[in-house]
Amino acid sequence: MSGKLMGASVQRREDPRLVSGNGRYTDDLGPGALHAAFVRSPHAHARIREIHVDDALHVEGVIAVWTHDDLHGASGEPLPMLLPHPSIENPVTAHALANGEVNHVGEAIAMVVATDRYVAEDACQRILVDYDVLPPVIGLEQAREATRLVHDTAPGNIGAHLVQSVGDAPAAIEDAPHVLELDLNFERSACMPMEGKAVLARWDESDQKLRVHSSTQTATGLRAALAAKLELPLSKVDVITPDVGGGFGVKINHPWPEELCVAAAALRLNTEVKWIEDRREHFISSAHERGQIQKARVGFDDQGHVLGLDVTFWHDHGAYLPYGVIVPLNTSVQLVGPYKLPNYRVEYFSLYTNTVIVTPYRGAGRPQGVFIMERSMDAIADELGLDRAEVRSRNFIQPEEMPWDVGLIFQDGRPTIYDSGNFPASLDKLKALVGWDDFENYREQARAEGRTVGLGIGCYVEGTGIGPYEGGHIQVETSGRVNVATGVTTQGQGHQTSFAQIVADELGVPLEDVHVTTGDTRRFGYSVGTFASRAAVTSGSAVHLAAKKVKEKALRIASQSLEADPEDLEIVDGFIRIKGDPENKMSLGMISVLSNPLRYAFDETARAATQFSPVQDLSKPPVPDGEEPGLEGKDYYSPTGATFANGMHAAIVETDPETADIKILRYCVIHDCGRMINPLIVEGQVHGGVAQGVGGALYERMVYDDSGQLLNASFMDFLMPFATEVPHVETDHLETPSPSNPLGIKGAGEAGTIPASAVIASAIEDAEGFPITRMPISPHELWELRRRHARG
Ligand code: MCN
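Everything quoted here is computed from the prediction, not taken from an experiment. (Residues numbered from 1 in each chain as written. Predicted model: local features only at pLDDT ≥ 70, side-chain atom pairs only at ≥ 80, totals over all residues. Heavy atoms only, no water.)

Caption draft 1: Quick peek at the overall build of the protein chain. Of the regular secondary structure elements, the protein chain holds 20 helices and 30 strands. In terms of overall dimensions, the protein chain is globule-like: its C-alpha atoms have a radius of gyration of 28 Å, near the 28 Å expected for 792 residues. A principal-axis box enclosing the C-alpha atoms of the protein chain has dimensions of 95 × 70 × 50 Å. Taking all 792 residues of the protein chain together, 61% fall into the buried category. A separation of at least 24 residues holds for 80% of the contacts in the protein chain among residues at least 6 apart in sequence. (Helix = DSSP H or I, 4+ residues; strand = E, 2+ residues; numbered from the N terminus. Rg over C-alpha atoms; globule rule 2.2 N^0.38 Å. Buried < 20%, exposed > 50% of the residue type's maximum accessible area, 1.4 Å probe, protein only. Contact = heavy atoms within 4.5 Å.)

Caption draft 2: Highlighting helix α11 (residues 388–395). Among the residues making up α11, those that are buried are R388, A389, V391, R392 and N395. Seen end-on, α11 carries its buried residues on one side only, within an arc spanning 160 degrees. Among the residues of α11, the N-terminal cap falls to D387, whose side-chain oxygen and the backbone nitrogen of A389 are separated by 3.1 Å. (Arc of directions from axis to C-beta. Polar contact = N/O pair within 3.5 Å; in protein donor to acceptor, adjacent residues only side chain to side chain.)

Caption draft 3: Focus on the pattern of salt bridges. Enumeration over the complete set of coordinates arrives at 51 salt bridges. R414 is the salt-bridge partner of D412, the closest N and O atoms lying 4.0 Å from each other. By relative accessible area, which is 26% here, D412 ends up partly exposed. For R443, the salt bridge identified is with E440, shortest N-O distance 3.0 Å. In this pair, R443 and E440 are both assigned in helix α13 (residues 439–448), three residues apart and thus about one turn of the helix distant. The class for R443 is buried, based on a relative accessible area of 10%. (Salt bridge = Lys/Arg side-chain N within 4 Å of Asp/Glu carboxyl O.)

Caption draft 4: The arrangement of the packing of aromatic side chains in detail. Counted under the stated rule, the structure contains 14 aromatic pairs. Ring plane angle 50 degrees and centroid distance 6.0 Å describe the contact between F396 and F423, whose orientation is recorded as tilted. On the criterion of sequence distance, the pair formed by F396 in the loop between α11 and β17 (404–409) and F423 in helix α12 (residues 423–434) is long-range, its members being 27 residues apart. By relative accessible area, which is 1% here, F423 ends up buried. Taken together, a centroid distance of 5.5 Å and an interplanar angle of 70 degrees make the contact between F410 and F644 edge-to-face. You can see F410 sitting in the loop between β17 and β18 (415–418) and its partner F644 sitting in strand β27 (residues 643–655), a full 234 residues away along the chain. (Phe/Tyr/Trp six-rings, centres within 6.5 Å; stacked < 30°, edge-to-face > 60°.)

Caption draft 5: Focus on the site of the ligand. Taken together, 31 residues form the shell around the ligand, and within it G247, Q493, H495, Q685 and A748 come nearest. Within the side chain of R362, a nitrogen or oxygen atom sits 3.2 Å from a nitrogen atom of the ligand. A distance of 2.8 Å separates a nitrogen atom of the ligand from a polar atom in the backbone of R675. Protein coverage of the free-state accessible area of the ligand, which is 830 Å², stands at 96%. Elements that contribute at least two residues to the shell around the ligand include exactly α14 (495–507), α15 (535–561) and α18 (679–698). In terms of residue count, the dominant contributor to the shell around the ligand is α18 (three residues). Considering only residue class, the shell around the ligand consists of twelve nonpolar, 14 polar and five charged. (Near = heavy atom within 4 Å. Areas by Shrake-Rupley, 256 points an atom, 1.4 Å probe, with all protein chains shown as cover. Nonpolar A, V, L, I, M, F, W, Y, C, P; charged D, E, K, R; others polar.)

Caption draft 6: Region of interest: the sheet that holds strand β22 (residues 514–518). Across the sheet, which stays open at both edges, the four strands sit in the order β22-β21-β20-β26 with mixed pairing between neighbours. Looking along the sheet, the strands with just one partner apiece sit at the ends: β22 and β26 (631–637). Looking at each pair of strands side by side, their axes are set apart by 15 degrees on average, direction ignored. Of the strand pairs in this sheet, strand β20 (residues 470–476) and strand β21 (residues 482–486) are connected by five bridges, and their pairing is antiparallel. The partner of H473 across the bridge, within β21, is A485. Docked against the sheet, α14 engages β20, β21 and β22, running at close to 135 degrees with respect to β22. Packed onto the sheet, α15 meets β20, β21 and β26 and runs at close to 145 degrees relative to β26. (Pairing = 2+ DSSP bridges. Axes fitted to C-alpha atoms, helices over the stretch in contact; angles between N-to-C directions.)

Caption draft 7: The arrangement of the sheet that holds strand β25 (residues 581–587) in detail. Spatial strand order, β23-β24-β25: three strands in an open sheet with antiparallel pairing. The outermost strands of the open sheet, each flanked by one partner alone, are β23 (569–572) and β25. Between one strand axis and the next, the sheet turns through 35 degrees on average, direction left out of account. Bridge count for β23 against strand β24 (residues 575–578) is four bridges, and the pairing is antiparallel. Its bridge partner lying in β24, V572 is registered against F575. On top of the sheet, α15 reaches β23, β24 and β25; it is set at about 120 degrees to β23, its chief contact.

Caption draft 8: Seen up close, α18. In this model, α18 (20 residues) spans 28 Å end to end at C-alpha, consistent with the 28 Å of a helix rising 1.5 Å per residue. Burial of α18 is extensive: 15 of the 20 residues sit out of reach of the surface. Capping the start of α18 is the job of one residue whose side-chain oxygen sits 2.9 Å from the backbone nitrogen of L680: N678. (Expected span 1.5 Å × (residues − 1).)

Caption draft 9: The arrangement of the nonpolar core in detail. Counting 122 residues, the largest nonpolar core has L309, V311, Y344, Y418, Y667, L698 and I764 as the members making the most contacts within it. Sort the elements by how many residues they give to this core and helix α10 (residues 366–384) lands first, with eight residues. Every residue in contact with Y667, bar those within four places of it in the chain, is listed here: H649, A650, A651, V690, P727, H728, V729, E730, A756, V759 and I760. In this structure, A504, A535, A546 and A547 belong to the second largest nonpolar core, which totals 50 residues. (Core = buried A, V, L, I, M, F, W, Y, C linked by side-chain atoms within 4.5 Å.)

Caption draft 10: Spatial organisation of the packing of helix α9 (residues 326–334) against α10. α10 packs onto α9 with a crossing angle of 30 degrees between their chain directions and a minimal axis gap of 7 Å. The angle between α9 and α10 places the two elements in the roughly parallel class. For α9 against α10, the interelement crossing comes out right-handed. Along its contact with α9, which presents V327, N330, T331 and Q334, the element α10 presents R366, Q368 and G369. Of the residues contributing to the contact of α9 with α10, the split by class is one nonpolar, five polar and one charged. (Parallel < 35°, antiparallel > 145°, perpendicular 65-115°, else oblique. Left-handed = near helix turned anticlockwise from the far one by under 90°.)

Caption draft 11: Main features of unusual backbone geometry. Residue P403 is bonded to the preceding M402 through a cis peptide linkage, with omega at -5 degrees. Even without a glycine there, the phi angle at N270 is positive, about 55 degrees. Looking at the element boundaries, N270 is found in the loop between α7 (257–269) and β13 (272–276).

And the structure:
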């Protein structure tokens, strides 16, 4: 690659359109569509005796009312388990519409299709459901007690259970000179994309085809699920993602009940139906995450080397288990971070509760795991009176020890092998950036001014870029326009810019000539989707490989036309020319013309191309024998394992002595995602991630009462950080390229979120002088902790 654009901080090309109100989201489409609304359970746990729909059917404008019994064939069966795993002992998934029982407030029971949403909502009010209300299981304490069960088929409320180990942690801890026990809990929270879930489905009777627009993160997955559930051939379903206002994990499809019901309605009613999730629905019927009770025992020597770590945690996965165990698996495997753990044992229980289901939310279990590891490091340092950065550094895996086998199985079923990273160098950079060695002076100064400040630190390693594959297709039009298609979807990550940079570099064309399409099954049918910070590694590599193919083909054709060896050719500014003879050149558009069997002189490029093939010979195009028509190429990239991005964060906080208000004064990030395609985009990703991490540390939690009602299901009550609460993020990079993919990339999309809670807890603890063991922490809770601590 010429490297001109790879690594350049190009402004995101999609932004002018999006920030000037010209984005097109699912709700902007289908102006004449019918609208769906859903009747949802007001109870956390109940049997359904009867559903009376007659009144609703008489409301003017109502076209259809469906309950479970109206979902025929496969669509009436339970929704699939997206990611099965051997640790799943008692799998239970929901039906699209409740089948005789409900297991959380908000579970869909009936669907109304009407001429507009108002009518549909009004009709929902006319549907009467008779319930036998059952006592619910709310929160992990009740789930663990298991005096009540969410599902009779899941004894102990256990969905999944796993023990993983390296060495012999209990024995190592037994023999260790120092042992600490820590409780390190995380409350339930959720990501809150600006746009909720959204689906618009249209059945085309003439083509016998279903076209679905969706704000999904996994277009091909949704297509496959809908085809299977609606018993249609795959080729009769198209899924298109228009602009999407954020996903953060909650828009990975299994499919969602509403998507299936709306698509089924479009098909059966031979029409177009739309459903746009409202905010309350997003709170009570989408997905949450983070809720875990975690216990750790750590044994260490006098120098602070960890000799053994034994962790048990309980994960709250809600009422059903459609997404498998990605979240607890990530906690258990990735809490190891940048450290050598000779003896490590982890056991998790993934438990059912009568609350909203869980999907992986940005970071996906890693923030909880990093909280365990990093709080342990701080506790060790405090116990031994050592510097907290020094303790970390004594336990680091060294760069020359890469690749490093952690000894555990990763979520993709392969061994967890760190491919690259230089943790000591990252720590040095972080210490310099935050002014680690000067902090005690700063603390003294602040103290003299009556201010209490603290410095916190957190490190993490994150497996990114998992397989099994992604692909890329590139086609050069005769005009020279380069069309790139890849199957991953985009929710705001800037793929239209970063993938265009990769292709433009490889083909030697201006960035403006390259146009990227994502998330449209009509353009690219084989894909896994956007999650787990995987698109840059997988799709990025695939479009790079496809561009290489196109370039090689272009050089072969140009070599014949220019009568020169391919090695003597170069591509500069979209023209292939003979090295040292810049006048002897042809554009990629001209090559595209030559490689088209029917090449009439429609336009300037085509006419210009005829100089290389003056005789119109319809029997054979003027390209080397065996070349397929068209200047295009397709390739796939299949990683051999995850690539491990990593980073270190530090924060300085100030806590108010009176009100216990917590203010982040500085937030510093050293980030290693290998070679950066676009540092500006990476920094944007890191900043957005830190904002979500700050939310998780200080504000965001789901508050359920004992009956399973979510008490803060609106933005009036669910606190998120405003721009005023998100600190300026000071970012610096360390690029240790991944040896496992052609461009040396590691993922970046979740990095900012992962260590934020650990770092902020570390800083508050440093300011206050007592342990912070639970996230999030509000000023009120800090104030209570102070009182408790003062009392001893
Ligand atoms: N990138 C880069 N150089 C690298 C790595 C990445 O320039 N070495 C760029 C990529 O080209 C891409 C962006 O950074 O433009 C993110 O790439 P990657 O880390 O591969 O993440 P994905 O594209 O797979 O996106 C998924 C990731 C996840 S898992 C969540 S959750 C998340 C996130 O992205 N959700 C987001 N970032 C988000 N950003 C927005 N605006 N909205 C969301 O919903």
